[in-house]
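# Structural overview
The chain contents come next:
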Amino acid sequence: MRYTIDGAENNMTSYIEMSFYEVAPYWTYDGHSYMPDMILASKQTMDKLSEDDQQIIFDCAKEAEEWHRTAWEDSEAKNAKIAEEKGCTLTTLTDDELKQFQDAVAPMYDSFLNDEQKAIVERVKALA
């Protein structure tokens with residue numbers, strides 16, 4: 001059996017840096033997944049620090065968050081430009097197209113998630 005791949009699923013930075021565009025020249029931004037980057041510390045560790053030191057960590061984490069968000073957005077824009085220069089077709093869904101996509105895949109929640117996972121999905125949706 002032979003398969004042809006012409007579309008990719010990933011963020012734009014990985015799409016370019018991993019050379020997926022070479023075999024999958026069609027890319028659609030549908031926002032179906034986001035990978036959070038987190039800075040974590042255990043409560044046990046934080047409780048060992050003074051309030052001043054904890055505040056320094058919180059302030060630095062906030063600064064790192066802002067820097068990372070800007071750096072990521074810059075990387076995505078730079079790599080989208082590279083993809084276009086390489087002849088890739090980049091598509092951003094309209095709000096209506098995105099809603100159609102979401103409606104089409106909604107039954108997957110019932111097929112693949114147990115009740116506990118569905119509850120987590122609902123909590124995440126409530127944050128948006």
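In what follows, the accompanying structure is described. Residue positions within a chain follow its written sequence, with the count starting from 1. Per-residue local features are limited, in this predicted model, to residues with pLDDT of at least 70; the limit for side-chain atom pairs, both in listing and counting, is 80 or more; totals at the level of whole chains, interfaces and linings are taken over all residues. Excluded from the side-chain calculation are hydrogens and water; included are all heavy atoms of the structure.

## Observations regarding the overall build of the chain
Starting at the N terminus, helices and strands are each numbered in turn, a helix being any DSSP run of H or I of at least four residues and a strand any DSSP run of E of at least two. Scanning the chain from N- to C-terminus turns up 6 helices and 3 strands. Each helix (α) and strand (β) of the chain, taken in turn from the N terminus, gives the series β-α-β-α-α-β-α-α-α. A compact globule built from 128 residues would reach a C-alpha radius of gyration of about 14 Å, whereas the chain, at 20 Å, exceeds it by more than 25%. Structurally, the chain occupies a C-alpha span of about 60 × 40 × 35 Å along its principal axes. Per-residue burial over the chain gives 12% buried out of 128 residues. Of the roughly 10,800 Å² that the chain leaves accessible, carbon and sulfur atoms contribute 55%. For the purpose of counting charges, residues Lys and Arg are taken to be positive, whereas Asp and Glu are taken to be negative. His and the chain ends are not included. For charged residues, the charge sits on one atom: NZ in Lys, CZ in Arg, CG in Asp, CD in Glu. Here the chain contributes 12 positive and 27 negative side-chain charges, whose respective centroids are spaced 3 Å apart. It is over C-alpha atoms that the radius of gyration is taken, and the globule rule equals 2.2 Å times the number of residues to the power 0.38. Burial status follows relative accessibility: with a 1.4 Å probe on protein chains alone, a residue under 20% of its type maximum counts as buried, one over 50% as exposed, and anything between as partly exposed. Every accessible area reported is derived by Shrake-Rupley at a probe size of 1.4 Å, with residue values counting cover from the shown protein chains alone.

## Overview of helix α6 (residues 115-127)
Relative to the 18 Å expected for 13 residues at 1.5 Å per residue, α6 spans 19 Å between its end C-alpha atoms, a close match to the ideal helical length. Taking the backbone nitrogen of E116 as reference, a side-chain oxygen 3.0 Å away marks N114 as the first, capping residue of α6. What a helix is expected to span follows from its residue count: subtract one and scale by 1.5 Å. Polar contact is the term for a pair of N or O atoms within 3.5 Å; when the atoms are in protein, one must be able to donate a hydrogen and the other to accept it, and sequence-neighboring residues count only if both atoms are side-chain atoms.

## What to know about the environment of T45
As for its placement among the helices and strands, T45 is situated in helix α2 (residues 43-47). Residue classification places T45 among the partly exposed positions, given a relative accessible area of 42%. Reaching out from T45, the side chain makes a polar contact with the side chain of S42 at a distance of 2.8 Å.

## Observations regarding the packing of aromatic side chains
Each aromatic pair joins two rings of Phe, Tyr and Trp (for Trp, the six-membered one) with centres within 6.5 Å, and gets the label stacked for planes under 30 degrees apart, edge-to-face for over 60, and tilted for any other angle. Throughout the structure, instances matching the rule amount to 3 aromatic pairs. Pairing Y15 with W27 gives two aromatic rings, centres 6.4 Å apart and planes at 40°, and the pair type is tilted. Here Y15 is found in helix α1 (residues 12-17), whereas its partner W27 is found in strand β2 (residues 26-29), with 12 residues between them in sequence. Assigned by exposure class, Y15 and W27 land together as buried. Charges are assigned to positions over rings by a cutoff of 6 Å between ring centre and Lys NZ or Arg CZ, combined with an angular limit of 35 degrees from the ring normal. Positioned above the aromatic ring of Y109 is the side chain of K125, whose terminal nitrogen or guanidinium carbon lies 4.9 Å from the ring centre.

## Digging into the nonpolar core
Counting 7 residues, the largest nonpolar core consists of M12, Y15, I16, Y21, W27, A83 and C88. Considering every element that reaches this core, the biggest residue donor is α1, with 3 residues. Setting aside its immediate chain neighbours within four residues, W27 contacts A8, N10, N11, M12, Y15, T89, L90 and T91. What makes a nonpolar core is a set of buried Ala, Val, Leu, Ile, Met, Phe, Trp, Tyr and Cys residues whose side-chain atoms join them at distances within 4.5 Å. In this description, contact between two residues means that some pair of their heavy atoms is separated by no more than 4.5 Å.

## A short note on the side chain of T13
Secondary-structure assignment places T13 in helix α1. Polar contacts involving the side chain of T13 include one to the side chain of S75, which spans 2.8 Å. If sequence neighbours within four positions are ignored, T13 has contacts with W72, S75, E76 and N79.

## What to know about unusual backbone geometry
Backbone geometry places S19, a non-glycine residue, at a positive phi of 60°. By the element assignment, S19 lies in the loop between α1 and β2.

## Quick word on the pattern of salt bridges
Opposite charge on two side chains allows them to pair when their charged atoms are near. Salt bridges are counted wherever a side-chain nitrogen of Lys or Arg sits within 4 Å of a carboxyl oxygen of Asp or Glu. Taken as a whole, this structure holds 8 salt bridges when the rule is applied. A salt bridge links K99 to D103; its shortest N-O distance comes to 2.8 Å. Pair noted here: K99 and D103 are both in helix α4 (residues 95-105), with a separation of 4 residues, about one helical turn. Judged by relative accessible area, which is 44%, D103 ranks as partly exposed. The salt bridge involving K125 is made with E122; its shortest N-O contact spans 3.7 Å. Taken together, the residues span about one helical turn, with K125 and E122 both in helix α6 at a distance of 3 residues.

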